[in-house]
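This is what each chain is made of:
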Amino acid sequence: MHNVVISGTGLYTPANSISNDELVASFNAYVQQFNADNAEAIARGEVEALSESSTAFIEKASGIKSRFVIDKDGILDPQRMVPRIPERSNDEWGILCEMAVGAAKEALQRAGKTVADIDGVIVACSNLQRAYPAVAIEVQAALGIDGWGYDMNVACSSATFGIQAATTAIQTGQARAILMVNPEICTGHLNFRDRDSHFIFGDAATAVIIERADLATSKHQFDVVGTKLLTQFSNNIRNNFGFLNRAAEEGIGARDKLFVQEGRKVFKDVCPMVAELIAAHLAEHQLNVTDVKRFWLHQANLNMNLLIARKLLGRDAEPHEAPVILDTYANTSSAGSVIALHKNQDDLPAGSLGVLSSFGAGYSIGSVILRKR
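So, here is what we can say about the structure in this document.

Reading guide: rules and limits
- Residues numbered from 1 in each chain as written.
- Predicted model: local features only at pLDDT ≥ 70, side-chain atom pairs only at ≥ 80, totals over all residues.
- Heavy atoms only, no water.
- Axes fitted to C-alpha atoms, helices over the stretch in contact; angles between N-to-C directions.
- Helix = DSSP H or I, 4+ residues; strand = E, 2+ residues; numbered from the N terminus.
- Parallel < 35°, antiparallel > 145°, perpendicular 65-115°, else oblique.
- Left-handed = near helix turned anticlockwise from the far one by under 90°.
- Contact = heavy atoms within 4.5 Å.
- Nonpolar A, V, L, I, M, F, W, Y, C, P; charged D, E, K, R; others polar.
- Salt bridge = Lys/Arg side-chain N within 4 Å of Asp/Glu carboxyl O.
- Buried < 20%, exposed > 50% of the residue type's maximum accessible area, 1.4 Å probe, protein only.

## Describing the packing of helix α8 (residues 263–284) against helix α9 (residues 302–313)
In the contact formed by α8 and α9, the axes pass within 9 Å of each other and the chain directions differ by 40°. Judged by the inter-axis angle, α8 sits oblique to α9. As for how α8 packs across α9, the hand of that crossing is right-handed. Residue-level inspection shows Val266, Phe267, Val270, Cys271, Pro272, Val274, Ala275, Ile278 and Ala279 of α8 in contact with α9, the latter providing Asn303, Met304, Leu307, Ile308, Lys311 and Leu312. Tallied by class, residues from the contact of α8 with α9 come to 13 nonpolar, one polar and one charged.

Next up, the structure:
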């Protein structure tokens, strides 16, 4: 069994950003037009009037202040409110591939590796562009990697589950090094006309190089001390979009074909589950919560992260103990916790212990204990 390290991380950030003020202005313009167009039906009680959103509401509910997006104009157009992403020919690299390659190149550079060192590619994300061929195989081809690739989806937990899969493959000698990438265009599945969720998501891609410790040369190494995964079925976060929709015309375009959630139920269910899983994982490795210098938590909601850290530490976490990036990135699904890791690792001294954790639809929860070399 080989020891395993994370030796490099990378990040692709889209060029466009949308502030809460911009998003609210677009949403409220839509609401005003909807209420005006349906004024008579609203007065008769046949249609429910829509309520406007506000920047204050968004920041209190989520901690989000802005988000990076692949397309800004389409989202902010009150007549459209969907990103405009033109189809590409089959002879062009897809947009998820393009994002993944951008993040992968930085991860390879930080790891001190070339594509010749990589034996496998895992694309782990919640919003895959197509059913087949696998986006991972496209990324493999775009980078010129020999070996294999596959896609996997465990919603917001995809990255930690991907790290676990890569770690197992390397431990058992199936690969020397694996590129695990998380390209997420979350704005593509977001209903920008839903007041309760129109602000939640942004777009980004992250990449992680996982490799045999004895082959690693990077200055950015973390030992993978252990991984722990948990899934429990729940309907409280759901997206029913898929190829079988065409076989049931009555559901085409229905609300559940985009992201839907019961936010309060998710908050109540998931926070204690995450804290319990991380605590149990640390105990399995004879580690105390007080040994952990940094928690790179899934960046979905500030209030969730604050509560999880409080449950673990028995006090409010200091900003450096559980860094937040969702204020500028919003929820980027599987990419969020890796963005937090990528941007908040170089200041840690050797020997520092950290926990990378994700949680989301499924329910799915992942915990990866890391120790900086």
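## Points about unusual backbone geometry
Cis geometry marks the peptide bond from Tyr132 to Pro133, where omega comes out at 0°. As for its placement among the helices and strands, Pro133 is situated in the loop between β4 (120–124) and α6 (135–143). The phi torsion at Ala330 lies on the positive side, around 60°, for a residue other than glycine.

## Some words on the pattern of salt bridges
Summed over all chains, the structure comprises 16 salt bridges. Here Arg310 and Asp316 are joined by a salt bridge, their closest N and O atoms 2.6 Å apart. Taking the relative accessible area as the measure of exposure, Arg310 reaches 35% and is therefore partly exposed.

In short, geometric facts, not functional conclusions.
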